[in-house]
Amino acid sequence: MGRTALPVVRRLGPLGHPARLTVVGFTAVNLLGMLLLMLPISSESGSWTAPETALFTSTSAVCVTGLVVVDTATYWSGFGEAVVLALIQIGGLGIMTAASLLGLLVARRMGLRMQLIAQAETKTLRLGETKRVVVGVLAMSLSIEVIVAVVLTARRLATTGDSFASALYWGVFHSISAYNNAGFGLHPDSLVGVATDGWIIVPIMIAFVLGGIGFPVVFEVSRAMRSRLRGVRIPGWSLHTKITVLTYAGLLAVGVVLVTALEWTNPRTLGPLALPGKLLAGVFHGASPRTAGFNSVDVGALHPTTLLVNDALMFIGGGSAGTAGGIKVTTFALLAFVVYAEVRGQPTVHVMGRRLAATVQRQAITVALLSLGVVLISTMTLLRLSHLPLDDVLFEVTSAFGTVGLSTGITADLPTTGHLLLIGLMFIGRVGPITLASALALREHERRYELPEERPIVG
């Protein structure tokens, strides 16, 4: 018998639950970022930055959101922008790594529960698997960021009079921000000035889609493609990858079609653009709410119906263990499968040749309903604090919770209490769904008895 690894949860102790460590880690990085951004060296004017502004910017960066109360390019110095970029990279890599490790830990434990209860705590996440996940996340992230940065830098050199150093900085900044779904940019209007430049828009869109769909999915799909090229047969995609890819693609198509159709004649958004520009901007804005945070048209000029479509896309978000926020496409898909099975009167939920465990269904419902409650309560609170229109407030709240970063332009005009509310929403939206889902899964235990069944009236 070989040596068995001690369980991760037990080895870390009662204060070291993996989900709790994620929250503590993000809080520590956030506070450090705030302190650095408060320093005079971080601002262009050389003066101290107010704690509220520094905390808001730090939270938005480490939670890869993109909402800002000051213009990134004009307010922050080169050092301040470097701090913001470092926070984005740490936040993106951290959440992908933490979510991947937690997912692996949950999967291992849940698999063992199907075997022997006595052995349920003897095989969890081993050091070798931890190293493989961390190295995989880092290698994939840096590879994509470098490729996108090269393309953006080359395009910047070809279309502007920037020096090589300036173009390289611009390319690296936007590449890291895009892949990590942060939405921070070096222009006050985000990407409006290059809305029809496919050499900039397309690479940025590819970067935030790859970052937002999740490391496990990208890793599994790329491994399958490499194996097929070598003529090696491996098992098909996992259920998680199938659900994520199909749901992500479906929602992407719906978002692109709806946004493009609704804004086609809007004189303040897609209306003035030529046909290729309309299509490019429509595709970009159908994908951006998933949760990139970049915009190539004025978000404040979008039709209220388009804003509502964006609200739904932002709330759903992207893939698990990725840089996107929201409740995640897998959660949304699982709820749809549960509804479909119930409508058909089926006692269990079957998806693509697999049966969904009742615990997974309950976790999806819990994450979705608690998230919906957070958004609704926050919207009502911000309405009372700001007296702004419902469309703008709901969009702002959903953008903060979904860590999107898109805004109709009201962020800087909100009162201090409103900024603090958005800070809390960004933090909850970044670590909340992940830690909640993993905590629910890891807390699962056997019930020793069942009470008599009774069915209340529903509907």
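Throughout, residues of each chain are indexed from 1 in the direction in which the sequence is written. In view of the model being predicted, local features appear only for residues whose pLDDT reaches at least 70, and side-chain atom pairs are presented and counted only at 80 or more, with totals across whole chains, interfaces and linings using the full set of residues. Derived side-chain values reflect all non-hydrogen atoms in the structure, with water molecules and hydrogen atoms excluded from consideration.

1. Details of the side chain of Arg156
- Counting from the N terminus, the helices are the DSSP runs of H or I reaching at least four residues and the strands are the DSSP runs of E reaching at least two. Inspection of the secondary structure assignment puts Arg156 in helix H6 (residues 127-159).
- Since its relative accessible area comes to 14%, Arg156 is described here as buried. Relative accessibility decides the category of a residue: with a 1.4 Å probe and only protein chains considered, values under 20% of the type maximum give buried, values over 50% give exposed, and everything between is partly exposed.

2. Here's the deal with the confidence of the model for the protein
- Within a predicted model, pLDDT stands for the predictor's per-residue confidence, ranging from 0 to 100. Of the residues in the protein, 85% reach a pLDDT of 70 or more, and the chain-wide mean stands at 85.
- Considering only residues more than four positions removed or in separate chains, one finds that residues 1-16, a stretch of pLDDT under 50, has 22 contacts. Contact definition: two residues touch when any of their heavy atoms are within 4.5 Å.

3. With respect to the UniProt feature "transmembrane region" (unreviewed entry) in the protein
- UniProt positions are given in the numbering used here, feature names are shortened, and annotations may be inferred rather than shown by experiment. Look at the UniProt record and you will see "transmembrane region" (unreviewed entry) annotated at residues 20-41, 82-107, 133-154, 199-222, 243-262, 312-343, 364-385 and 420-442.
- As a span, residues 312-343 carries 62% helix and 0% strand, and end to end its C-alpha atoms are 23 Å apart.
- Secondary structure within residues 364-385 divides into 100% helix and 0% strand; the distance between the first and last C-alpha atoms comes to 32 Å.

4. Structural notes on unusual backbone geometry
- In this model, Ser190 sits at a positive phi of 60°, which is unusual for a non-glycine residue.
- Within the element layout of this structure, Ser190 appears in the loop between helix H7 (164-179) and helix H8 (198-213).
- Positive phi outside glycine occurs at Thr403, with the angle close to 50°.
- Its location among the elements puts Thr403 in the loop between helix H15 (390-401) and helix H16 (416-442).
- Its relative accessible area of 0% is what places Thr403 among the buried residues.

5. Digging into the packing of helix H12 (residues 304-316) against H15
- Packing of H12 against H15 leaves a shortest axis separation of 9 Å and a crossing angle of 20°. On the basis of their axis angle, the class for H12 and H15 is roughly parallel. The chirality of how H12 crosses H15 is left-handed. Contacts between H12 and H15 pair Pro304, Leu307, Asn310, Asp311, Met314 and Phe315 from the former with Asp391, Leu394, Phe395, Thr398, Ser399 and Phe401 from the latter.
- The classification used treats Ala, Val, Leu, Ile, Met, Phe, Trp, Tyr, Cys and Pro as nonpolar, Asp, Glu, Lys and Arg as charged, and all other residues, Gly among them, as polar. When its residues are assigned to classes, the contact of H12 with H15 shows 7 nonpolar, 3 polar and 2 charged. Lines fitted to the C-alpha atoms define the axes, with helices restricted to the stretch that makes contact. Angles between their N-to-C directions range from 0 to 180 degrees. Angle categories: roughly parallel below 35 degrees, roughly antiparallel above 145, roughly perpendicular from 65 to 115, and oblique for all the rest. Note on convention: near helix rotated counterclockwise from far helix by under a right angle means a left-handed crossing. Clockwise means right-handed.

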